Every structure is written in C-alpha cells, then in structure tokens.
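# Results of the structural survey
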Amino acid sequence: MPLDPTKNADWQIAEAAEKKMKTSQQLAEELDIKQDELLPHGHYIAKVDFAKVLKRLKNKPDGKFIEVTAITPTPLGEGKSTTTLGLLQGLGKRKKKVTACIRQPSGGPTMNIKGSAAGGGLAQCIPLTEFSLGLTGDINAVMNAHNLAMVALTARMQHEFNYDDKQLAKRNLKRLNIDPKNVEMGWVMDFCAQALRNIIIGIGGKMDGFMMPSKFGIAVSSEVMAILSVFSDLADFRKRMGGIVVAYDKKGIPVTTEDLEVAGAMTAWMRNAINPNLLQSLEGQPCFVHAGPFANIAVGQSSIVADKICLKMADYHITESGFGADIGFEKFWNVKCRYSGNIPNVSVITATIRALKHHGVKAGAPPVIPGRPIPTEYFKENLKWLEDGMSNVIQHINTVKKAGINPVVCINRFHTDTDAEVKLTRKMCEDAGARVAESNHWKYGGAGALELADAVIDACNDKVNFKFLYDLDTPLRKRVELIAKEVYGSDGVSYSPEATVKAERFEKDPKYKDYATMMVKTHLSLSHDPAIKGVPKGWILHIRDFLTYGGARFICPVAGNISLMPGTSSDPAYRRVDVDLKTGKVRGLF
C-alpha cells in the first residue's frame, strides 16, 4: 500500500485501495459461493443467501474459530476492528483460507466520536463509504420494523380510547387494554440524539393519537437488531419477532407484536436484512458484515448465521465482540456460543499501550475524557503508569481462561509506543499465562500482523476445554453474581427494590428459565461507574432494573446509569465529513 497512515487519513487510504478492489464475483469464486447464493448490490458488495450455503455445506467440517475482544478501552476504542482486519490480512499473507465477520457500524458513533468501526490505517474494511453510510440497508430495515411495532401500538391505543368494544369488534379487533404507564418500547433512529431521550407524543386532538410520554433509543439498541444477531433460520427469526414485548396491559400481562398482528409485517421489512453482507479488507480478503448491536446495551455480536457460513467456507474464521472482554467476550462466551453451538479455538485480547496507561490511575495517569483528545502525556514513555495499568489486561486474560479458551494478547502497537513499553507489556502478559504478539497492522497491514497470525495459528492447535460460566438451571440472581464476581471482580451484587421484585418474578416463572442473561453496563470500567479504572477492589455491583427482550429471549440486568440513546458530543465527526464536488466521493470518514 503506497500510503503512510501516519500521514494519510483512513479515507485517503481506503480510496486508494478501492481502485484495485476485487469484485464480489471474484470473492465469491474464492469462497466457492454459487451463483444462486450470491445477491449482488453493485460490483463490490453482495449479500449471501446463508440458508442455501448452510444447506449445501451442512456436512463439511468447520474451520478454526477465532474471537477478537479487548481490554477495558478508552472512549476512543483500542482497535478491535483494526486488529480483526489486521489478523485477517496477516493470515492471508500466510496463505490461509480466511474470513472475518464484523458488525455493521451505527450512524450514531460514525457521525459522533468513535468513527465507523471499519478498522484503520492499513487494516480496514472497504469500500469505506458504503460500509459507513448504510451499507445495504440492514439498519434502515431494523428501524422500519421496530418503528412499525410502535405505530401498531400507538394506533391501537388511540382506537381503543376512541371506540367501545362493539365498534372495535366491527373492525375485527378485541380490546387489549394496554396500560399507557407501562409501555416497554420506544422509537429508534440511527443517530446519537439526546434531545429525544424523553418525549411526549399524541399532542393534539383525539385523531392525533393517545397523548403519553415516550422515548427514542439508538437503532442498534433495538430488540430487532438483537434478534438479527442471534437467530438461526427464517422460522426462528419469525418466531422471535412475534415474541417482542411492546407493552403490558392493565393486569400486567405482556402485549406482544403478535398480539398487535404486526410481527409478520415486521419480518417482511427484514426479509433481505437476514442475509450477511460480503465486503473485503484492503488486501482483498473476504470480510462479512452483519448485525450491529452495541455490547454495553445489547449482545454486541455480529450474526450467528454469518459465523456459521464462514466456518463452513474457510479454514480460519475471525469474529469480533464489542467493547472489552468483560462485556463483549462474556456475551460471546455465555450467550452467542450457547445459542450457536460453535466453540472458539482462540480469543485475541486487543491491548494498546495508551489504554493500559490510562488504567494506571494509582500511579498518577490523568483521565481520558470522552469527547476530548487523549492527553499528550500518553504519547511519552511512562513505565510506572503502564505497570500499574497492567492489572486490567490480566483480569481479562483470566476471564478468557475461565472459559477454557486459549488467550492471545495482541499488543496493537502505535507509532508512539516505545520498545521498553512493549517489552514490559509482553513480559507481564506472558507471566499471566497468555501468548503475546506485537502487531503493527495499522502501520504495515498484513505484513505487520505476521507475528499475531503465527501466534493465533499456534494457539489454534491447542486443546480447548470450553465451559460456560453457568448453566441454564442457574437462578437469575446467581448468574448475575457469578458474572459480577468472576468477570468484573466485584465482591457481590445489590439490587434496587424494583429490581428485586422483577428478579423474584422471573425466577418463579419457568418460561424465563432458558432466557439468556444479558448484562447492561458501561464499557469504560469493569465496574458500573465509568470513572473507575484499572481493576477496582472492594466494590458491589448495583442492579437498578431489569429489562426483558421476549423475542430475543434476553433478561437484561441494568447496572448503573446506561442510556439506550447516546448523546452527540461538542466536536462530532460530522463536522469533518463532506463530498468532493468534482468526484462525488465522500471525504473525512474514519
């Protein structure tokens, strides 16, 4: 690649690489995808009919399964997507038949602080503009399906308010008696819009809807997106869509999308979105993009069906989990692997020197504040901060080992890191029982990821003694306690009175026995307080509420103050995005 990432922006590097992109047809031929399985969206992006591929390859053995996670990140992220793409390119350099799957980026972070999650430098997913700005419309389909449920709910509430039972019966409707004070869902949009967190709808006359409080969440927090991540086939998808709880009636009985007779139409909106999207790395390796739920408020995984087809088509397949190992890996381990039946061979823990330093608070490391640049002190050698912050990566190494999975720590090296810092990180991680690889994929692409690729290949040959943290017979609050103590490092769990009442109800009702436990927690700390760094000691995880996702079949314990609608910062990325009026190409994406 002729461009230098220390001097050129991500979009410039992507634009140069896109001039030599493989067509989707070329990628399909390399993966032995048949013509009737490939669903082109232009020359360079395609969907793949997962059901046809799985049927054709059902008897083929799976390839090696590699998961990529990270330490507790700074607000800017530590390069999981970049590491995923770098490893993909590094394995490609080693002549391995390899695929990867990453999540589709939300428009919220893309236009805010974090960027599009396409990777960076010389390890990216392309075409960048299409990847970042809507792709094939999956998130738009999620929004339409989700908001259609809200249209069905609010229209039904209006009609039940305006009509008596006899008039409803003439319209072939029965009274659902929805409680306006107990509505579970809100609306969604794919931006960070704090002004829409709490709204009033139905203002006007009786023909303008039922007036009540409502809310917006970001699209990727939608239960529809969670279902897209965990479904197994179309029948399973349709069943889950019908189980979404929209509200409760005045007796506390759930009102679902099936009750509102809208689940079928919601599934129709999603008919194309259920098929994974095929893109590529800067160096031409196939990279699938499918589903995009956040890990702090949802499952944080790309889709099970995308992983399944890749495991059949490739000798090595890489999948990425959201945020740090306390959130994304824990959900990969105890939820995604349980649902899919796929067992990983390796987990790659992405670590950066800057993030390890920022956990060195006892040694005096200054805070990294969301929305502001990282303090310049972080770009100078400081072994005291680094050594103090190493406890965080060691905590995550131990979490991966508890799952019986082989950990490989990837030191995602920045050009400002010193040799002494890398040496110290390597020694302490090896002492904790992990393989360690320095990787320079951001600067050199696949050639810079060969040490990482070799470490992963080596780890894939080791035996895996995979085990879940809990089985499905474990009561809900015991599951939460196990996650809090074994993964987060807390001394225990406390519950608000409201959360206690809900937990008791869930534990008594056998229908919730096989629901996954989906923690909702900040990604910026092992605790529920984003300001606490490192590995906190002597603390109690506080659960203030439980959310239920009846279609996805999740029970979500809510720790701390987590909003389903993030806010836009004072210096958002959209200020630097524009279109070149001569070429029509987008500038400024990262």
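Quick note: structure is the one above.
Attention in this report is confined to the structure presented alongside it. Nothing here was measured: the structure is a model prediction, and the numbers come from that model.

Conventions and cut-offs
Residues numbered from 1 in each chain as written. Predicted model: local features only at pLDDT ≥ 70, side-chain atom pairs only at ≥ 80, totals over all residues. Heavy atoms only, no water. Helix = DSSP H or I, 4+ residues; strand = E, 2+ residues; numbered from the N terminus. Rg over C-alpha atoms; globule rule 2.2 N^0.38 Å. Contact = heavy atoms within 4.5 Å. Areas by Shrake-Rupley, 256 points an atom, 1.4 Å probe, with all protein chains shown as cover. Lys, Arg positive; Asp, Glu negative; His and termini not counted. Charge placed at Lys NZ, Arg CZ, Asp CG, Glu CD. Buried < 20%, exposed > 50% of the residue type's maximum accessible area, 1.4 Å probe, protein only. Polar contact = N/O pair within 3.5 Å; in protein donor to acceptor, adjacent residues only side chain to side chain. Salt bridge = Lys/Arg side-chain N within 4 Å of Asp/Glu carboxyl O. Phe/Tyr/Trp six-rings, centres within 6.5 Å; stacked < 30°, edge-to-face > 60°. Lys NZ or Arg CZ within 6 Å of the ring centre and 35° of its normal. Expected span 1.5 Å × (residues − 1). Arc of directions from axis to C-beta. Patch = residues over 30% accessible without salt bridge, like charges linked within 9 Å, V, L, I, M, F, W, Y side chains within 5 Å. Pairing = 2+ DSSP bridges. Axes fitted to C-alpha atoms, helices over the stretch in contact; angles between N-to-C directions. Disulfide = S-S within 2.5 Å. Core = buried A, V, L, I, M, F, W, Y, C linked by side-chain atoms within 4.5 Å.

## Let's talk about the overall build of the protein chain
Across its full length, the protein chain carries 20 helices and 25 strands. Taking 2.2 N^0.38 as the reference for a compact globule, 590 residues should give roughly 25 Å; the C-alpha atoms of the protein chain span a radius of gyration of 24 Å, in line with that estimate. For the C-alpha atoms alone, the extent of the protein chain along its principal axes is close to 80 × 60 × 50 Å. Residue pairs in contact within the protein chain that sit at least 24 positions apart in sequence constitute 74% of those at least 6 positions apart. Carbon and sulfur atoms provide 53% of the accessible area of the protein chain, an area that totals close to 23300 Å². Across the protein chain, the centroid of the 76 positively charged side chains sits 1 Å from that of the 64 negatively charged ones.

## Some details on the environment of T154
Tracing the sequence through the fold places T154 in helix 7 (residues 138–162). For T154, a relative accessible area of 15% puts it in the buried group. Sequence-distant contacts of T154, defined by excluding residues within four places in its chain, comprise W187, I201 and M212. At 2.8 Å, the side chain of T154 and the backbone oxygen of M150 are in polar contact.

## Notes on the pattern of salt bridges
Taken as a whole and assessed by the stated rule, the structure comprises 34 salt bridges. With a closest N to O distance of 2.8 Å, R94 and D454 form a salt bridge. Taken together, the residues span a long stretch of sequence, with R94 in the loop between helix 4 (80–93) and strand 4 (98–102) and D454 in helix 18 (residues 450–460) at a distance of 360 residues. Overall, R94 belongs to the partly exposed group, its relative accessible area being 34%. A salt bridge links E507 to R477, with the nearest nitrogen and oxygen atoms 2.6 Å apart. Of this pair, E507 sits in helix 20 (residues 497–508) while R477 sits in helix 19 (residues 476–488); the two residues are 30 residues apart in sequence, bridging distant segments of the chain. A relative accessible area of 33% places E507 in the partly exposed class. Using a relative accessible area of 25% as the deciding quantity, one classes R477 as partly exposed.

## Let's talk about the packing of aromatic side chains
On inspection of all chains with the given rule, the structure shows 14 aromatic pairs. Ring plane angle 35° and centroid distance 5.7 Å describe the contact between F329 and W333, whose orientation is recorded as tilted. Here the residue F329 and the residue W333 both occupy positions in helix 13 (residues 325–340), the gap between them amounting to four residues, near one helical turn. With relative accessibility at 0%, the residue F329 sits in the buried group. Centroid distance Y549 to F554: 6.2 Å. Interplanar angle 35°. Geometry classified as tilted. Take Y549: its relative accessible area is 9%, and that puts it in the buried class. Put simply, the rings of Y495, F506, Y512, Y515 and F546 pair up and form one aromatic cluster. When the ring centre of Y163 is taken as reference, the NZ or CZ atom of R171 above it lies at 4.1 Å.

## What about helix 19?
Residues that lie three or four places apart on an α-helix share one face, since the helix turns once every 3.6 residues. The end-to-end C-alpha distance of helix 19 is 17 Å, a good match for the 18 Å that 13 residues give at a rise of 1.5 Å each. Buried within helix 19 we find L476, R479, V480, I483, A484, V487 and Y488. Viewed end-on, helix 19 has its buried residues packed into an arc of 130°, placing them on one side of the element.

## Looking at a nonpolar patch on the surface
On the surface, I200, I203 and M211 cluster together to form a nonpolar patch covering roughly 340 Å² of accessible area. With respect to the secondary-structure elements, M211 resides in the loop between strand 9 (199–201) and strand 10 (212–214).

## Some words on the side chain of T110
The residue T110 is located in helix 5 (residues 107–110) in this model. There is a polar contact of 2.8 Å between the side chain of T110 and the backbone oxygen of S106. Setting aside chain neighbours within four positions, we find T110 in contact with P105, G115, S116, S132, A573 and L589.

## A few points about the sheet that holds strand 12 (residues 245–249)
Hydrogen bonds along the backbone pair up the strands of a sheet, which may run parallel or antiparallel. The sheet built from three strands is open, its strands ordered 7-12-13 with antiparallel pairing. In the strand order of this sheet, the two ends are held by strand 7 (178–183) and strand 13 (254–256), each with one partner. Strand-to-strand, the axes of this sheet are offset by a mean angle of 50°, without reference to chain direction. In the sheet, strand 12 pairs with strand 13 via three bridges, with the strands oriented antiparallel. Bridging across to strand 13, A247 finds its partner in V255.

## Regarding the environment of Q285
By the secondary structure assignment, Q285 is in the loop between strand 14 (277–281) and strand 15 (286–289). Each C-alpha atom, one on Q285 and one on T99, is 6.8 Å from the other, the two residues being 186 residues apart in sequence. Not counting chain neighbours up to four residues away, the residues in contact with Q285 comprise L88, Q89, G92, V98, L279 and Q280. Here the side chain of Q285 touches S281 through a polar contact of 2.5 Å, side chain to side chain.

## Some details on the state of the cysteines
Taken as a whole, this structure holds zero disulfides when the rule is applied. Note on C125: no disulfide assigned, nearest cysteine sulfur contributed by C287 at a separation of 4.1 Å. By relative accessible area, C125 is classed as buried at 0%. Free of any disulfide, C192 has its nearest cysteine sulfur in C556, 20 Å distant.

## Brief notes about the nonpolar core
Judged by nonpolar contacts, the single largest core of 76 residues is most densely connected at I33, M241, M270, F288 and F554. Among residues more than four places away in sequence, those in contact with F288 are L31, I33, V48, A100, C101, I102, P276, N277, L278, I309, C310 and M313. Membership of the second largest hydrophobic core comes to 49 residues, among which are F329, I353, I483 and I555.

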